[in-house]
Amino acid sequence: MFGAAAAVIIILYLILVNFLVSAALVPSFMQKLEAFERITEESYAAQVQTSDIKVNRQLTLNATEEWLQTAECRKISAKTEDDYTLIAAVFPAEEESHRWALILHGYTGWKEEMYPFAYWYHEQGYHVIVPDLRCQGESEGDFIGMGWTDHYDCMLWLDYILSEDTDAQIILHGQSMGAAAALMISGDEELSANIDAVISDCAYTDAYSMFGEKITDWFHLPAFPIVDTACLMLRLRGGYNLKDASAVDAVKNSRVPTLFIHGDMDDMISVQMTKDLYVAAGCPKELLIIEGAGHAQAHEKDPEAYYGTIQEFLEENT
């Protein structure tokens, strides 16, 4: 009798964990639960809503929209080893250039929200590639990669750049999960020497910690032992382990100059995570903390400091 009851409890527990994995990492399932809308609403509510941020955001959107009306843009695709088709937008530089920027969006994001950054790099004379990460936007996939599968997928875009320009000087600029992916790329032992610098905007240290925090925040459940079970479940279903998705481990091995940026009022990803990444990084590095900025708002809170620091960093390190 006790054994049967225990078996039922275990089965129900596994069903719960399986549900949570899908609710957090499978967009089609999230849409059925209206999780996208809820996460978006909660993310917006957690942001700083000061008048200067609102004004700067609108100015940026207006300028980007005006640029998009005349900028040359084409779609490209790439096929992953597990047979998913990924899509990216390419904005060729207006003049001959060896400078390239690969710009990566965040969790449940899409390439179009990164176009303001594409606009800035394009204005500096860069060719710009902005992909939809797997399972998001126009790109195929079963599970959001939390930076881990994404950092492998992005090698396809790097291969594309090098096929176009063997002398390419490449900047990786990521935001949130995209920043974590960029940092994971930077720690790859076989990383191309063409990667000149990384701009990491509000990255997390590791997906394991982030998943645990969000299980608690979104579902009001304890991280342990759910996250460890989720790691096993995701390895079986999605082919990767959350524990592998560690930006902080990657930067210890990185030699790529990296600028770490974060807002000090970020309620989604603690600014302490970027500080921990900065301390752990074995590469030439710089830290920029924007006061009064929430999650992914540093460029809107103080665009002059944000882009000015990036420009100076790239001039010094590329």
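What counts and how
- Residues numbered from 1 in each chain as written.
- Predicted model: local features only at pLDDT ≥ 70, side-chain atom pairs only at ≥ 80, totals over all residues.
- Heavy atoms only, no water.
- 1 Å grid on protein atoms, 1.4 Å probe; cavity = no way out; pocket = protein on both sides within 12 Å on 5 of 7 lines; lining within 4 Å.
- Points joined across faces, edges and corners; volume = space filled by probe spheres on them.
- Helix = DSSP H or I, 4+ residues; strand = E, 2+ residues; numbered from the N terminus.
- Nonpolar A, V, L, I, M, F, W, Y, C, P; charged D, E, K, R; others polar.
- Buried < 20%, exposed > 50% of the residue type's maximum accessible area, 1.4 Å probe, protein only.
- Pairing = 2+ DSSP bridges.
- Right-handed = clockwise from strand over helix to strand, strands pointing away.
- Lys, Arg positive; Asp, Glu negative; His and termini not counted.
- Salt bridge = Lys/Arg side-chain N within 4 Å of Asp/Glu carboxyl O.
- Contact = heavy atoms within 4.5 Å.
- Phe/Tyr/Trp six-rings, centres within 6.5 Å; stacked < 30°, edge-to-face > 60°.
- Lys NZ or Arg CZ within 6 Å of the ring centre and 35° of its normal.
- Patch = residues over 30% accessible without salt bridge, like charges linked within 9 Å, V, L, I, M, F, W, Y side chains within 5 Å.
- Areas by Shrake-Rupley, 256 points an atom, 1.4 Å probe, with all protein chains shown as cover.
- Core = buried A, V, L, I, M, F, W, Y, C linked by side-chain atoms within 4.5 Å.

## Brief notes about empty space enclosed by the protein
According to the stated counting rule, one finds one cavity of 30 Å³ or more in the structure shown. Here the largest cavity is characterised by a volume of approximately 30 Å³. Together, L86, P131, D132, L133, R134, D150, D153 and W157 line the largest cavity. Broken down by element, the residue count for the lining of the largest cavity peaks at three residues, all from helix α6 (residues 148-164). Here the lining of the largest cavity is built from residues that sort into four nonpolar, no polar and four charged.

## With respect to the layout of surface pockets
Estimated volume of the second largest pocket: approximately 300 Å³. For the second largest pocket, the lining is made up of 13 residues, of which E81, D82, R134, Y152 and D153 are closest to its centre. Top contributing element to the lining of the second largest pocket by residue count: α6, with five residues.

## A short note on the pairing of strand β7 (residues 258-263)
Within β7, six of the six residues are buried, leaving the element largely enclosed by the surrounding structure. Here strand β6 (residues 195-201) pairs with β7 via four bridges, running parallel. Residue pairing across strands places S200 opposite F260, the latter belonging to β7. In this structure, β7 lies alongside strand β8 (residues 285-290), joined through six bridges in parallel fashion. Residue pairing in the sheet places G263 in a bridge with I290 of β8. Where the polypeptide runs from β7 across helix α11 (residues 271-280) and back to β8, its parallel neighbour, the crossover connection is right-handed.

## Let's talk about the side chain of D150
Tracing the chain through its elements places D150 in helix α6. Notably, D150 is buried but unbridged: the nearest opposite-charge side chain belongs to R134, and the N-O separation is 5.2 Å. Once you skip the residues sitting within four places of it in the chain, D150 turns out to touch L133, R134, G145, M177 and A181.

## Brief notes about the packing of aromatic side chains
Summed over all chains, the structure comprises eleven aromatic pairs. Centre to centre, the rings of W67 and F91 are 4.8 Å apart; their planes meet at 40°, and the pair counts as tilted. With a gap of 24 residues between them, W67 in helix α4 (residues 51-68) and F91 in strand β2 (residues 85-91) connect regions that are remote in the sequence. The pair W67 / F91 is uniform in exposure class, with both members buried. Between W148 and Y152 the ring centres are 5.3 Å apart and the planes differ by 85°, which places this aromatic pair in the edge-to-face class. Highlighted residues: W148 and Y152, both in helix α6, separated by four residues, approximately one helical turn. For Y152, a relative accessible area of 44% gives the class partly exposed. Cluster of aromatic residues (ring-pair linked, three or more members): F117, W120, Y121, Y126, Y306 and Y307. Seen from the ring of Y126, R99 lies directly overhead, with NZ or CZ sitting 4.8 Å from the centre. The positively charged end of K285 is found above the aromatic ring belonging to Y278, 4.9 Å away from the centroid.

## Regarding helix α5 (residues 115-123)
Counting buried residues in α5 gives seven out of nine residues, a clear majority hidden from the surface. Of the residues making up α5, those classed as buried are Y115, P116, F117, A118, W120, Y121 and H122. Positioned one or two residues after α5, G125 has a phi angle of 95°, which is positive.

## A word on a nonpolar patch on the surface
A grouping of V8, I11, L12 and I15 is seen on the molecular surface, where their side chains present a nonpolar patch of about 390 Å² in accessible area. Summarising the element assignment, L12 is placed in helix α1 (residues 2-25). You can call L12 exposed: its relative accessible area is 54%.

## Regarding unusual backbone geometry
Most peptide bonds take the trans configuration, and most residues that are not glycine carry a negative phi. Cis geometry marks the peptide bond from F224 to P225; its omega dihedral reads 5°. Position of P225 relative to the elements: it lies in helix α9 (residues 223-238). For C135, which is not a glycine, the phi torsion comes out positive at approximately 75°. By the element assignment, C135 lies in the loop between β4 (127-131) and α6. Given a relative accessible area of 10%, C135 falls into the buried group. Of note in this structure, S176 is not a glycine but carries a positive phi near 60°. Here S176 shows up in the loop between β5 (169-175) and α7 (177-186).

## Looking at the nonpolar core
In this structure, L25, M146, L172 and Y204 are the most contacted members of the largest nonpolar core, which totals 69 residues. The biggest single contributor to this core is α7, with eight residues. Counting residues in each nonpolar core, the second largest holds 29 residues, with A89, A101, V128 and L259 among its members.

Keep in mind these values describe shape, not function.
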